[in-house]
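Each chain, letter by letter, is given below.
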Amino acid sequence: MIFDCDGVLVDSEPLANASFSRALQPHGLDWTVEETMRRLMGRSLASCIEICEAELGRKLPEDFLEKMQAVTYRHFCEAPLQPVAGVRAAIEAMQASGLATCVASSGSPDKMRFTLGLTGLWELFEGRIFSASQVPRGKPFPDLFLHAAIAMDEQPFACTVIEDSVPGIQAARAAGMRALAYAGAPYADRAALAAAGGELFDDMALLPALVRP
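Structural notes, computed from the coordinates. The structure displayed is predicted, hence computed values, not measured ones.

### Observations regarding the overall build of the chain
Check the secondary structure of the chain and you find 11 helices and 6 strands. The C-alpha radius of gyration computed for the chain amounts to 16 Å, which stays within 12% of the reference 17 Å derived for 213 residues, consistent with globular compactness. For the C-alpha atoms alone, the extent of the chain along its principal axes is close to 50 × 35 × 30 Å. Counting only carbon and sulfur atoms, one obtains 53% of the accessible surface of the chain, whose full area is about 9,900 Å². For the chain, the distance from the average position of its 18 positive side-chain charges to the average position of its 27 negative side-chain charges is 2 Å.

### As for the environment of Gln 170
Relative to the helices and strands, Gln 170 resides in helix H9 (residues 166-174). By relative accessible area, which is 34% here, Gln 170 ends up partly exposed. Separated by 101 residues in the primary sequence, Gln 170 and Gln 69 have C-alpha atoms spaced 26 Å apart.

### Digging into the packing of aromatic side chains
Applying the stated criterion across every chain yields a total of 5 aromatic pairs. A centroid spacing of 6.0 Å and a plane angle of 50 degrees characterise the contact between Phe 20 and Phe 64, whose relative ring orientation is tilted. Note that Phe 20 is positioned in helix H1 (residues 13-24) and Phe 64 in helix H4 (residues 64-78), a separation of 44 residues in sequence. For the pair Phe 20 and Phe 64, a shared accessibility class is recorded, and that class is buried. Among the aromatic residues, those joined into a ring-pair cluster are Tyr 73, Phe 76 and Phe 114.

### Quick notes on helix H8 (residues 143-151)
For H8, every residue scored as buried is listed here: Asp 143, Leu 144, Phe 145, Ala 148 and Ala 149. Its buried side turned inward, H8 meets strand S1 (2-3), strand S2 (102-105), strand S3 (129-131), strand S4 (160-163) and H9. Asp 153 sits one or two positions beyond H8 and adopts a positive phi of about 60 degrees.

### Quick look at the pattern of salt bridges
Under the defined criterion, the tally for this structure stands at 14 salt bridges. Of the charged contacts, one joins Asp 4 and Lys 139 as a salt bridge, the two residues approaching to 3.1 Å between their closest N and O atoms. Remark: Lys 139 occurs in the loop between S3 and H8 and Asp 4 occurs in the loop between S1 and H1; sequence separation between them is 135 residues. Judged by its relative accessible area of 5%, Asp 4 is buried. Lys 67 serves as the salt-bridge partner of Asp 63, at 3.1 Å between the closest nitrogen and oxygen. For Asp 63, a relative accessible area of 31% corresponds to the partly exposed category. Since its relative accessible area comes to 54%, Lys 67 is described here as exposed. Connected via shared salt-bridge partners are Glu 35, Arg 38, Arg 39 and Glu 55.

Basis of the calculations
Residues numbered from 1 in each chain as written. Predicted model: local features only at pLDDT ≥ 70, side-chain atom pairs only at ≥ 80, totals over all residues. Heavy atoms only, no water. Helix = DSSP H or I, 4+ residues; strand = E, 2+ residues; numbered from the N terminus. Rg over C-alpha atoms; globule rule 2.2 N^0.38 Å. Areas by Shrake-Rupley, 256 points an atom, 1.4 Å probe, with all protein chains shown as cover. Lys, Arg positive; Asp, Glu negative; His and termini not counted. Charge placed at Lys NZ, Arg CZ, Asp CG, Glu CD. Buried < 20%, exposed > 50% of the residue type's maximum accessible area, 1.4 Å probe, protein only. Phe/Tyr/Trp six-rings, centres within 6.5 Å; stacked < 30°, edge-to-face > 60°. Contact = heavy atoms within 4.5 Å. Salt bridge = Lys/Arg side-chain N within 4 Å of Asp/Glu carboxyl O.

Here it is as structure tokens:
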């Protein structure tokens, strides 16, 4: 079982994309939070920056990411950031049944340590957390999920990925893995997730039954 992090384990997407949207505005990119999520959700920060710079036709300042991340982390603490509803119980049930679990996210290792630590989920995956920074290409390419499968000593066809973004679903399918698309958030693009090859589900409480051997 390979879990994405943002939007699957931690309910970070609205907060993070609101910060990204506000940070872009002074630089001439007036995207709404919804537009920011549609264009960037599920991708690595490096990929997001490339997309924004292509849209602007110029580079963003060198300190853009550092400043934006500082604001985002502050918002995570103030909100505070929460686990996705029902996900901890689902993970514990799957682990108790003997299923191997890990995390494979577009987020950096430092970001995952922060968000999973803040929400109390780090302990469930410690030592089995993989980042797009460890592979040549992030989602929608399959590199990250294949890297996770190799590290977990599993064949790709024996892996199931839980994702909430179209690039993540595309990456899972490109890796030859089953892709479960969590669509329980209000912003979920159900049609796009299904078109990318995801099996939709709306409630983390259903997850253990969906992957029962």
